[in-house]
Amino acid sequence: MRQAGAYSSMLVGGVSGRTGPHSLPLARIKRIMKRSSDDVRMISAEAPVVFSKACEHLIGVLVRRAWAAALRRKRRTLLKEDVAAAVANTDVFDFLVQVVQQQPK
């Protein structure tokens, strides 16, 4: 009998339990993965689920840092400037610096 994979719980009931198995569209994630390189042809069913959870985590961390920036400016509304500040003040988000700078005002 084959054992369940490391990520099989994500496929069945999700990691969080609140959001179900995923809250980002898996078909869209799979399409992005296939378009990323001509070499990518086959993608397992588990891979988009893992990417979905990773994206959820990335968004959560970025939002918390942006929220802290908004609170420092005595606001309770999250603005794109807060996201830009979170990206600029966190080395891990260096790959997003150009994306944030390119956004029209």
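Everything numeric in this text was worked out from a predicted model, so none of it was measured.

A.B. asks: In this structure, what is going on with the packing of helix 2 (residues 26–35) against helix 3 (residues 46–72)? I would like to understand it.
C.D. replies: Helix-helix packing is characterised by the crossing angle of the two axes and by the distance between the axes. Packing of helix 2 against helix 3 leaves a shortest axis separation of 9 Å and a crossing angle of 100 degrees. When the axis of helix 2 is compared with that of helix 3, the two are roughly perpendicular. The segment helix 2 lies against helix 3, with Leu26, Ile29, Lys30 and Met33 engaging Ala47, Pro48, Val49, Phe51 and Ser52. Considered class by class, the residues forming the contact of helix 2 with helix 3 number 7 nonpolar, 1 polar and 1 charged.

A.B. asks: Would you mind going over helix 3 with me for this structure?
C.D. replies: For the α-helix, the turn length of 3.6 residues means that residues three or four positions removed from each other point alike. The end-to-end C-alpha separation of helix 3 is 40 Å, in line with the 39 Å expected for 27 residues at 1.5 Å each. Listing the buried residues of helix 3 in full gives Pro48, Val49, Ser52, Lys53, Leu62, Ala66, Ala69 and Ala70.

A.B. asks: Even after reading the chapter, I still don't get a nonpolar patch on the surface, so can you show me in this structure?
C.D. replies: On the surface, Ile59, Val63, Trp67, Leu71 and Leu78 cluster together into a nonpolar patch covering about 400 Å² of accessible area. Tracing the backbone shows Trp67 in helix 3.

A.B. asks: What exactly am I supposed to notice about the side chain of Ser52 here?
C.D. replies: Among the structural elements, Ser52 can be located in helix 3. On the accessibility criterion, Ser52 (0% relative accessible area) is buried. Those residues in contact with Ser52 that lie beyond four places of it in its chain are His22, Ser23, Leu24, Leu26 and Ile29.

A.B. asks: Whenever I open this one, the confidence of the model for the protein confuses me. Can you help?
C.D. replies: Detailed reading of the predicted coordinates is not advisable wherever pLDDT is low. The share of residues in the protein with pLDDT of 70 or more is 77%, and the mean pLDDT across the chain is 84. When mean pLDDT is compared element by element in the protein, helix 3 scores highest at 96, while helix 1 (residues 8–12) scores lowest at 48. Note on residues 10–19: pLDDT is under 50 here. Beyond four places in sequence and across chains, it has 16 contacts.

Reading the values: the criteria
- Residues numbered from 1 in each chain as written.
- Predicted model: local features only at pLDDT ≥ 70, side-chain atom pairs only at ≥ 80, totals over all residues.
- Heavy atoms only, no water.
- Axes fitted to C-alpha atoms, helices over the stretch in contact; angles between N-to-C directions.
- Helix = DSSP H or I, 4+ residues; strand = E, 2+ residues; numbered from the N terminus.
- Parallel < 35°, antiparallel > 145°, perpendicular 65-115°, else oblique.
- Contact = heavy atoms within 4.5 Å.
- Nonpolar A, V, L, I, M, F, W, Y, C, P; charged D, E, K, R; others polar.
- Expected span 1.5 Å × (residues − 1).
- Buried < 20%, exposed > 50% of the residue type's maximum accessible area, 1.4 Å probe, protein only.
- Patch = residues over 30% accessible without salt bridge, like charges linked within 9 Å, V, L, I, M, F, W, Y side chains within 5 Å.
- Areas by Shrake-Rupley, 256 points an atom, 1.4 Å probe, with all protein chains shown as cover.
- Salt bridge = Lys/Arg side-chain N within 4 Å of Asp/Glu carboxyl O.
- pLDDT = per-residue confidence, 0-100.

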